[in-house]
Amino acid sequence: MQFGIFTVGDVTTDPTTGRTPTEHERIKAMVTIAQKAEEVGLDVFATGEHHNPPFVPSSPTTMLGWIAARTDRIILSTATTLITTNDPVKIAEDYAMLQHLADGRVDLMMGRGNTGPVYPWFGKDIREGINLTIENYALLHRLWREDVVNWEGKFRTPLQGFTSTPRPLDGVPPFVWHGSIRSPEIAEQAAYYGDGFFANNIFWPKEHFQRLINLYRERYAYYGHGTPEQAIVGLGGHVYMRRNSQDAIREFRPFFDGSPQMGGGPSLEQYMEQTPLTVGSPQEVIEKTLTFRESFGDYQRQLFNVDGVGVPLKSVLEQIDMLGEEVVPVLREEFAKNRPADVPAGPTHADLLGRHKGTDAR
């Protein structure tokens, strides 16, 4: 099972000091976070893609390419690649190039994006979000698997005898996750292609995500990719830790209250009860994360959000230290217990290459 960090790259004022980092500081901090994640033994670093303030990661491949040159082992992913407003031809070329530069340490998570004004900036209509997702990914899927593509659709100009370059490393495209927080159509799409389904279960109760994941597992089996238990599932999570849970709650409360996504509604305590957010000791993070398997079955990837909402970099790095030293080693051991042998491991390039050659590289 894979464990890692994901960031949305927001530039937010620290409510405890009133200081707002510059864009430059935030971008550099994200690189530091990725390097720290590898240093402590985590498996994945993922960045979002946004084109509107207060977010900075408008060019994930640029950032991940820079990080690839400064790391050796960690998988570099996206927490969203906008399949709706990006040209699938450019996605195919950009991520294949990144795949070569990173020696295969690349996968990506497709997402629609939920910010209405961004769509027209790229000549798109948010009301066509699902249709754009379906058509654009169908083309991307072919571009990575067919040397010459003839194609015609609704949302971009036709292609005649087109070859996307460079071709995927070793003839194996990057692994794709389809990310969703509410759309059954995305769960269906992931199942149809036999790709991964990432449920970013941060803001809503587990029952909502159980329905989406169960749908994905059932349809994955329906399309002949394996049993429902063999479907490839990833989950999000949000944590803030201190040795003493009371200290964690005291420190994090201003960030929670000031967050436009979390604050202004249920209290921090109510929010923790109703969602996967865990603010407390490392042991409390372990205990709550282990309940995810009870709710969603055995899964392949767990990503934690530890930055954002104004949390300063020093505190973020302390969170990553605790994850690497105290939390993830225990989670690895516990999640490995009673895990069926036929449940796949988290996807890697070596694993995909082994399957491509008809062998098992795990």
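Structure's up top.
My aim in this report is to walk through the structure given alongside it, one point at a time. What you see is a predicted model; the values in this text were computed from it and never measured.

1. Observations regarding the overall build of the chain
Across its full length, the chain carries 12 helices and 13 strands. Against the 2.2 N^0.38 benchmark of 21 Å for 362 residues, the chain shows a C-alpha radius of gyration of 20 Å, consistent with a compact globule. Referenced to the eigenvectors of the C-alpha coordinate spread, the extents of the chain come out at roughly 60 × 45 × 40 Å. Residues classed as buried in the chain amount to 53% of the 362 residues present.

2. Regarding the pairing of strand E9 (residues 196-199)
The side-chain alternation of E9 yields two buried faces, one formed by Gly196 and Phe198 and the other by Phe197 and Ala199. Sheet topology places strand E8 (residues 175-180) next to E9; 4 bridges connect them, and they run parallel. By the bridge assignment, Gly179 is partnered in E9 with Phe198. Each parallel crossover has a hand, and for E8 linked through helix H6 (residues 184-193) to E9 it is right-handed.

3. Some words on the environment of Pro344
Inspection of the secondary structure assignment puts Pro344 in the loop between helix H11 (313-336) and helix H12 (349-356). Placed 115 residues apart in sequence, Pro344 and Glu229 show a C-alpha to C-alpha distance of 9.0 Å.

4. Thoughts on the environment of Met97
Tracing the backbone shows Met97 in helix H3 (residues 88-101). Here Met97 falls in the partly exposed class, since its relative accessible area comes to 43%. A C-alpha to C-alpha distance of 7.9 Å links Met97 and Pro168, two positions 71 residues apart in sequence.

5. Things to note about the packing of helix H1 (residues 23-39) against helix H2 (residues 60-68)
Two elements in contact, H1 and H2, have axes whose closest approach is 10 Å; the angle formed by their N-to-C orientations is 45°. With respect to H2, the element H1 is oriented oblique. Where H1 crosses over H2, the handedness of that crossing is right-handed. Contacts from Ile27, Lys28, Met30, Val31 and Ala34 of H1 reach H2 at Met63, Trp66 and Ile67. Here the contact of H1 with H2 is built from residues that sort into 7 nonpolar, no polar and 1 charged.

6. So, helix H5 (residues 129-143)
With 15 residues, H5 should reach 21 Å at 1.5 Å per residue; the first-to-last C-alpha distance of 21 Å fits that figure. For H5, a buried count of 11 out of 15 residues is recorded, marking the element as mostly surrounded by other parts of the structure. Those residues of H5 that fall on the buried side of the exposure criterion are Gly129, Ile130, Leu132, Thr133, Glu135, Asn136, Tyr137, Leu139, Leu140, His141 and Leu143.

7. A look at the environment of Glu287
Mapped onto the secondary structure, Glu287 falls in helix H10 (residues 282-296). It is 32 Å that separates the C-alpha atoms of Glu287 and Ile27, two residues lying 260 residues apart in sequence.

8. Focus: H11
In this model H11 runs 32 Å from its N-terminal to its C-terminal C-alpha over 24 residues, within 8% of the 34 Å that 1.5 Å per residue would give. The sharpest bend along H11 comes to roughly 45°, located at Leu323. Every buried residue of H11 is accounted for by Ser315, Val316, Gln319, Ile320, Met322, Leu323, Gly324, Val327, Val328, Leu331 and Phe335. As for H11, its buried residues are in contact with strand E1 (2-7), H1, strand E11 (239-241), H10 and strand E13 (301-304). Once H11 finishes, Asn338 follows within two positions and takes phi at roughly 60°, a positive value.

9. Remarks on the layout of surface pockets
In this structure, the second largest pocket encloses a volume near 430 Å³. Along the wall of the second largest pocket there are 21 residues; nearest its centre are Arg145, Phe175, Gly194, Leu352 and Arg355. At the level of secondary structure, the elements contributing two or more residues to the lining of the second largest pocket comprise E8 and H12. Here the element with the most residues in the lining of the second largest pocket is H12; it accounts for 3 residues. Residues of the lining of the second largest pocket, tallied by class, amount to 12 nonpolar, 5 polar and 4 charged.

Analysis parameters
Sequence positions are assigned chain by chain, starting from 1 and proceeding in written order. pLDDT decides what is reported in this predicted model: residues at 70 or higher carry local features, side-chain atom pairs at 80 or more are listed and counted, and totals for whole chains, interfaces and linings draw on all residues regardless. Side-chain descriptors were evaluated using all non-hydrogen atoms of the structure, hydrogens and water having been removed beforehand. In this description a helix means any DSSP run of H or I spanning at least four residues, a strand means any run of E spanning at least two, and both kinds are numbered starting from the N terminus. Each radius of gyration reported is based on C-alpha atoms, and the globular scaling rule is 2.2 Å times the count of residues to the power 0.38. Remark: exposure states derive from per-residue accessible area (1.4 Å probe, protein chains only) relative to the maximum for the residue type, with buried under 20%, exposed over 50%, and partly exposed in between. Should DSSP find at least two bridges between two strands, the strands are regarded as paired. Here the term right-handed applies to a crossover when the path leading from its first strand over the helix to its second strand runs clockwise, the strands being oriented away from the viewer. In this analysis, axes come from line fits to C-alpha atoms, helices being fitted only over the stretch in contact, and the angle between any two N-to-C directions falls in the range 0 to 180 degrees. Here the angle decides the label: under 35 degrees means roughly parallel, over 145 means roughly antiparallel, 65 to 115 means roughly perpendicular, and every other value means oblique. Here a crossing is taken to be left-handed if its near helix is turned anticlockwise relative to the far helix by less than a right angle, and right-handed if that turn runs clockwise. When checking whether two residues touch, look at their non-hydrogen atoms; a contact exists if any pair is within 4.5 Å. Following the grouping adopted for this structure description, the nonpolar residues are Ala, Val, Leu, Ile, Met, Phe, Trp, Tyr, Cys and Pro, the charged ones are Asp, Glu, Lys and Arg, and the polar ones are all others, Gly among them. Multiplying one less than the number of residues by 1.5 Å gives the expected span of a helix. Two axes are fitted around each residue, one to the seven residues ending there and one to the seven starting there, and the angle between them is reported as the bend at that residue. Grid points spaced at 1 Å and placed over the protein atoms alone form the basis of the search, with a cavity being a set where a 1.4 Å probe fits but cannot get out and a pocket an open set showing protein on both sides within 12 Å along at least five of seven lines. Lining residues have an atom within 4 Å of a point. Grid points are joined across faces, edges and corners, and a volume is the space filled by probe spheres set on the points.

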